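# Observations on chain architecture
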Amino acid sequence: MKKKYSNVRGTIDFSPQQNFIYESLRNESIKLFNLYGYKQLILPFLEEKSLFIKSVGQTTDIVQSQMMKIEGKDIVLRPEGTAQVVRYYLQNRLDKKNSFYKFFYIGPMFRGERPQKGRLRQFNHVGAEVIGSNSFYLDAEIIMLALAIVDKIGLKEKKLQVNSLGCRKDKEKLSKYIKEKLKKQKNQLCPNCQRRIKKNPLRVIDCKRDSCRKIVNSLELEKGHLCSDCRNHFDNLLAVLDDLKIDYRYNPYLVRGLDYYTNTVFEITSNQLGSQDALGAGGRYNDLFNQLGNIEMPAVGFALGVERIMLALGQTKVKSFPLVFIARAGNELENELFSVLTKLRNSNIVSTCDFRKKSLKAQLRYGQKIGADFVVILGEEELRKDKVILKDMKKSKQEEVKLNQLTTKIKEKLKNYA
Ligand code: HAM
């Protein structure tokens, strides 16, 4: 028996239809990134392991159990893009050049998670990082941009949650408070959280286990740990979101699963997804440049999960480019068919045909199946008058058109085509 191969668990093959959605998301994102003045970075899939230990954090799930290592080397497949962009910035001493940069990136990330719906081992991020300013307007811009991309692709139903962890000192204060508060209930926490409470109490807030969640929810977290600067920053951000009429929920329990965040954190979720409901997330990381490069450099960013967005879209139709299908009544018209096809393509009209030797009826069935918006039918009788039949599939209307006017006629129709 020959072995039957299938894709590795936790990865997905993109069919042409799925790829079409992916490409639409890419294109719409790039348009928006350009509009907001972001420049694209394409960075390697491989990075040094210690980069993520130092940035994402030793006690996080990503570092503890999800890093995909290259055997025998201290190299991993990148689990996320933020640390990598910071590495790029520091390596190229961009702080000595202009220091204020707006980057975006699109590409695969790798996490050796236990696969489930919406949780993959290889998935794609559409992400952005703004480096060099602590303005709360940039926190707002990053949130707006993430929402705009999700919106543009057709996901109208989504929720935004925001919180502020505060600066390094505020985070320490918050960690101390959590540790103190959970002291008595320590034994009721899961074994993982019992360990976390010693090394990194904030991670306990992020535990997904029901038993831990119940205890955590009784902590009465609020803005009390924030110093006046951080509180002002957060209040100002919320005021901008209010001005922009962006709907959000302040969630003091939102801490995120990566350690580098300071101040603003946010998550965009969809109720179209199951337990893995985050479409994307992000926040500020004003302390990360200090940890990795000993420089003070404020920054903020986000990453959207492409496959999660595709899952949430489900059957929602993503607008595709109009397609013209050409059929011929009789296989002896193949030459004419090929010549019309070439003419349309030379005029930038997306067109195709069925080159199998099939009846007109079967060709038209195929055209319909692949979603043709217009069909051109070549028939002996019409061709003798230098004419073809042009059918608008949406309107179910057809007309005879002069062959030498076909491209102009189709272009005219495409102009008004929604
Ligand atoms: P993250 O929350 O780890 O943040 O990932 C961002 C998004 O990627 C998630 O909201 C989710 O949609 C998607 N995602 C994460 N893990 C998986 C997975 N295993 N399978 C499928 N999709 C997944 C970051 O990575 C930060 N770097 C975001 C950021 C950028 N913060 C500041 N700048």
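In this text, all values refer to a predicted model and were calculated from it rather than measured experimentally. Here, residues in each chain are numbered from 1, in the same order as that chain's written sequence. Local features in this predicted model are restricted to residues whose pLDDT is 70 or higher, and side-chain atom pairs enter the listing and the counts only when it is 80 or higher, whereas totals over whole chains, interfaces and linings include all residues. With hydrogens and water excluded, all non-hydrogen atoms of the structure serve as input to the side-chain values.

## Some details on the sheet that holds strand β4 (residues 75–77)
Put simply, the test is: At least two DSSP bridges between two strands are required for those strands to pair. We count a stretch as a helix when DSSP gives it H or I for four or more residues in a row; a strand needs E for two or more, and each element gets its number in order from the N terminus.
On the basis of which strands lie adjacent, the open sheet formed by 3 strands has the order β2-β4-β3 and antiparallel pairing. Here the strands that pair on one side only, and so sit at the sheet edges, are β2 (46–48) and β3 (68–69).

## What about the packing of helix α1 (residues 16–35) against helix α5 (residues 136–152)?
Condition: Helix axes are fitted only over the stretch in contact, all axes being lines through C-alpha atoms; the angle between N-to-C directions runs from 0 to 180 degrees. By definition, any crossing whose near helix is turned counterclockwise from its far helix by less than a right angle is left-handed, and any crossing with a clockwise turn is right-handed. Here, two residues are considered to be in contact whenever any of their heavy atoms come within 4.5 Å of each other. Three classes are used, and their members are as follows: Ala, Val, Leu, Ile, Met, Phe, Trp, Tyr, Cys and Pro are nonpolar, Asp, Glu, Lys and Arg are charged, and the others, Gly among them, are polar.
Where α1 contacts α5, the two axes come as close as 9 Å, and the packing angle between them is 140°. As α1 runs across α5, the sense of the crossing is right-handed. On α5, the residues touching L25, E28, S29, L32 and F33 of α1 are L145, A148, I149 and K152. Taken together, the residues of the contact of α1 with α5 sort by class into 6 nonpolar, 1 polar and 2 charged.

## Let's talk about the site of the ligand
Rules: We call a residue near a molecule or strand whenever a single non-hydrogen atom of that residue lies within 4 Å of it. As used in this structure description, the phrase polar contact means that two N or O atoms lie within 3.5 Å; if the pair is within protein, one of them must be able to donate a hydrogen and the other to accept it, and residues adjacent in sequence are counted only when both atoms belong to side chains. To be clear on the numbers: accessible area is Shrake-Rupley with a 1.4 Å probe, and residue cover counts the displayed protein chains and nothing else.
In the vicinity of the ligand lie 27 residues, with E80, E113, L120, H125 and Y261 positioned nearest. One nitrogen or oxygen atom from the side chain of E113 is found 2.6 Å from a nitrogen atom belonging to the ligand. Taking Y260, its side chain carries an N or O atom lying 3.0 Å from a nitrogen atom of the ligand. Out of a free accessible area of 660 Å², the ligand has 96% covered by protein chains.

## Describing the pattern of salt bridges
We apply this condition: Salt bridge, as used here: a side-chain nitrogen of Lys or Arg that lies within 4 Å of a carboxyl oxygen of Asp or Glu. Using a 1.4 Å probe on the protein chains alone, a residue whose accessible area is under 20% of its type maximum counts as buried, one over 50% counts as exposed, and one in between counts as partly exposed.
Evaluation of the coordinates by the stated rule reveals 24 salt bridges. Residue K183 pairs with E180 through a salt bridge whose shortest N-O separation is 3.4 Å. Residue class for K183 comes out exposed when judged on its relative accessible area of 56%. Of the charged contacts, one joins E334 and R328 as a salt bridge, the two residues approaching to 3.4 Å between their closest N and O atoms. Note on R328: relative accessible area 0%, which makes it buried. Where salt bridges share partners, they join R203, D206, K208 and D259 into one cluster.

## Focus: the domain arrangement of the protein
Counted only if it meets this: Residue ranges assigned to each domain were obtained from an automatic or database domain assignment.
Domain boundaries assigned for the protein yield domain 1 (16–167 + 227–313) and domain 2 (324–415). Domain 1 and domain 2 are separated by 47 Å when their C-alpha centres are compared.

## Topic: the environment of I295
Locating I295 in the fold gives a position in the loop between α11 (288–293) and β11 (299–305). Distance in space between the C-alpha atoms of I295 and D95 is 8.7 Å, their sequence separation being 200 residues. Excluding anything up to four places from it in sequence, I295 contacts Y89, L90, D95, F289 and N290.

## Some thoughts on the nonpolar core
For the record, the criterion: By nonpolar core is meant a set of buried Ala, Val, Leu, Ile, Met, Phe, Trp, Tyr and Cys residues that side-chain atoms within 4.5 Å join together.
Formed by 53 residues in total, the largest nonpolar core has its most connected members in I131 and F289. Per-element tally for this core: the top contributor is helix α4 (residues 82–91), with 5 residues. Aside from chain neighbours lying at most four places away, what touches I131 is V85, Y89, S99, F100, Y101, F103, Y285, F289, M297, P298 and A299. Formed by 44 residues, the second largest nonpolar core is a distinct cluster that contains A140, I149, L160 and V240.

## Considerations on the side chain of D392
Defined as follows: Counted as positive: Lys and Arg. Counted as negative: Asp and Glu. His and the chain ends are not counted at all.
Summarising the element assignment, D392 is placed in strand β15 (residues 387–392). The buried charged residue D392 lacks any salt bridge partner; its closest oppositely charged side chain belongs to K395, at an N-O distance of 4.2 Å. At a separation of 3.2 Å, a polar atom in the side chain of D392 contacts the main-chain amide nitrogen of K395. Residues contacting D392, with those up to four places away along its chain left out, are D373, F374 and K397.

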